[in-house]
Amino acid sequence: MTSSEQERGRPALGRALLESEAMSPDWAPAFEAVPRSAFLPDLIWPHDMETGQSLAVDKASDPKMWQGYADSNIPIVTQWDDGRHSDSAPGQEPTSSASMPSVVFSMLRALDVLPGSRVLEVGTGTGWNAALLAHRLGEANVITVEVDEAVAASARAALGRFGLPAKVVHGDGFQGYPEGVPYDRIIATCGLRSIPFAWVEQSRPDGVIVAPWGTHFTHQDAVARLVVSPDGAYASGLFTGPVEFMKLRAQRRPPVTHAEYVPGSVADGDETSTEITEEEFVRDRFDAHRFALGLRVPDCCHIVAGKREGARPVWFYGLTDRSWACAMFRDGAAARVWQGGPRRLWDEAEEAHRWWVGHGEPDHSRFGLTVSPQGHQAWLDKPSDAWPVRAV
């Protein structure tokens, strides 16, 4: 971070959030009154979304740099490896963070709180999001649940020091919090692969649920904004846009071990080819293409490998069996495909790709989700054209 970037500070960030419409004007007073820095630990790890790298910054040794990052529109890791990591260097897996302010305020905008709204937050983290809600609605109207006891305790202390002591509950937010029902709004600040119907049951009719949701096809999520039906039988709504959150701990994808799928060579699989090009299929990780394929190809994850000497393999692994596929894209030649196991995962992915293209390459905002006791259904443009999505 340059010195000029550090000196811009919160006023410049606030203007940028308003100009980009990430933050609506009604949230500006909360932004001004509740700085993110008040909820950050002294040792933080600002995260570069482009490179995937994190840098340790200690407030004691470099307060100016620490403050600069605190006032920047970047995510900041605050815990590694579920608290098992104690070194100043980054750990293996980030497990708690302070989200990008632009993401925080865009989700709060989608929550559409009203005076007196009673809110349940799942995923307390640093406590900043709960503090913003408490400043606007009053701390008595905000309950936040955190699964990690140490993170919950730290957030509770920060909220108390700042004078916005919203109720912090150490527990499993997947179950909601029945003691505080009913809620006008529920917001999750962790990525979900299944939205519990308990949240619908704990909401008022016409209540709003805002949660990052996606499939195990990729690590990315999209923000679902669901409205509870007047009879409480379901919640349904459109996605607002792509995000990426640390996953609810109980819904993390199990690790995929390549050798368990392909113990030998890809040549042991069935070989075909495809006319789809690398440019058509391998897109930005936040592109709706990947999101759409995840909705259409169930119980599958895909990994895009790096490109070497003009060749890029894209792998697909079944999550309920040992089906696998590899599409090898190569400059100047048709892609070769190998598939093994009971499913033909590339065939499914290719069919999903052509479906997405045939529907005009819809972005996230044209997709929707319905959650009911029967499960999850995804849809494009209207709920009547829905299909089931198997959730965790």
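To be clear, the structure that these remarks concern was listed above.
Within each chain, residues carry numbers counting from 1 in the order of the written sequence. It should be noted that, the model being predicted, local features are given only for residues of pLDDT at least 70 and side-chain atom pairs only at 80 or more, the latter also being counted only at that level, while totals for whole chains, interfaces and linings use all residues. Water and hydrogen atoms play no part in the side-chain values, which are based on all heavy atoms of the structure.

A. Inspection of unusual backbone geometry at higher detail. The omega torsion across Val181 and Pro182 is -5°, close enough to zero to call that bond cis. Residue position: Pro182 is located in the loop between β7 (167-170) and β8 (183-188). The backbone of Glu21 sits at a positive phi, close to 65°, despite the residue not being glycine. Mapping Glu21 onto the fold places it in the loop between α1 (3-19) and α2 (28-33). Phi at Asp81 takes a positive value of approximately 55°, unusual for a residue other than glycine. Per the convention used, a helix needs a DSSP run of H or I reaching at least four residues, while a strand needs a run of E reaching at least two, with both numbered from the N terminus.

B. Highlighting the packing of helix α4 (residues 101-111) against helix α5 (residues 128-137). What counts as an axis is a line fitted to C-alpha atoms, over the stretch in contact for a helix, and the angles between N-to-C directions run from 0 to 180 degrees. At a minimum axis separation of 11 Å, α4 and α5 run at an interaxial angle of 45°. Classified by the angle their axes make, α4 and α5 are oblique. Viewed along their axes, α4 and α5 form a crossing whose handedness is right-handed. Seen from α4, the contacting residues are Pro101, Val104, Phe105, Leu108 and Leu111; seen from α5, they are Trp128, Asn129, Leu132 and Leu133. Just so you know the grouping, Ala, Val, Leu, Ile, Met, Phe, Trp, Tyr, Cys and Pro go in nonpolar, Asp, Glu, Lys and Arg go in charged, and all remaining residues, Gly too, go in polar. When its residues are assigned to classes, the contact of α4 with α5 shows eight nonpolar, one polar and no charged. Angles are sorted into four bins: roughly parallel if under 35 degrees, roughly antiparallel if over 145, roughly perpendicular if 65 to 115, and oblique for all others. Left-handed describes a crossing whose near helix is turned anticlockwise from the far helix through less than a right angle; right-handed describes the clockwise counterpart. In what follows, a contact means two residues having at least one pair of non-hydrogen atoms within 4.5 Å.

C. Spatial organisation of the sheet that holds strand β16 (residues 333-340). DSSP-based pairing: two strands are paired if at least 2 bridges between them are found. What the five strands build is an open sheet, ordered β12-β16-β15-β14-β13; its pairing is antiparallel. With partners counted over all chains shown, the strands left at the sheet margins are β12 (270-274) and β13 (300-304), one partner each. The mean inter-strand angle of the sheet, taken between neighbouring strand axes irrespective of direction, is 20°. Where β12 lies against β16, five bridges are found, and the strand directions are antiparallel. Bridge pairing in β16 places Glu271 opposite Trp338.

D. How the structure looks around α5. When accessible area is computed with a 1.4 Å probe and restricted to protein chains, residues below 20% of their type maximum are described as buried, those above 50% as exposed, and intermediate ones as partly exposed. With eight of 10 residues buried, α5 lies mostly within the body of the structure. Turning to α5, its buried residues number three or more, namely Trp128, Asn129, Ala130, Ala131, Leu132, Leu133, Ala134 and Leu137. Next to the buried residues of α5 lie α2, α4, β5 (119-122), β6 (142-146), α6 (149-162) and β8. Of the residues trailing α5, Gly138 is marked for its positive phi of about 95°.

E. Spatial organisation of the nonpolar core. Here, nonpolar core means buried Ala, Val, Leu, Ile, Met, Phe, Trp, Tyr and Cys residues that are tied together by side-chain atoms lying within 4.5 Å of each other. Within the largest apolar cluster, 39 residues are counted, with the highest numbers of intra-cluster contacts made by Trp27, Phe105, Leu108, Leu132, Leu133, Ile187 and Val210. Breaking this core down by element, the ones donating at least two residues are α1, α2, α4, α5, α6 and β9 (203-213). Sequence-distant contacts of Phe105, defined by excluding residues within four places in its chain, comprise Leu17, Ala22, Met23, Trp27, Phe31, Trp128 and Leu132. Ranked by size, the runner-up nonpolar core spans 38 residues in total, among them Ile186, Ala235, Ala292 and Val389.

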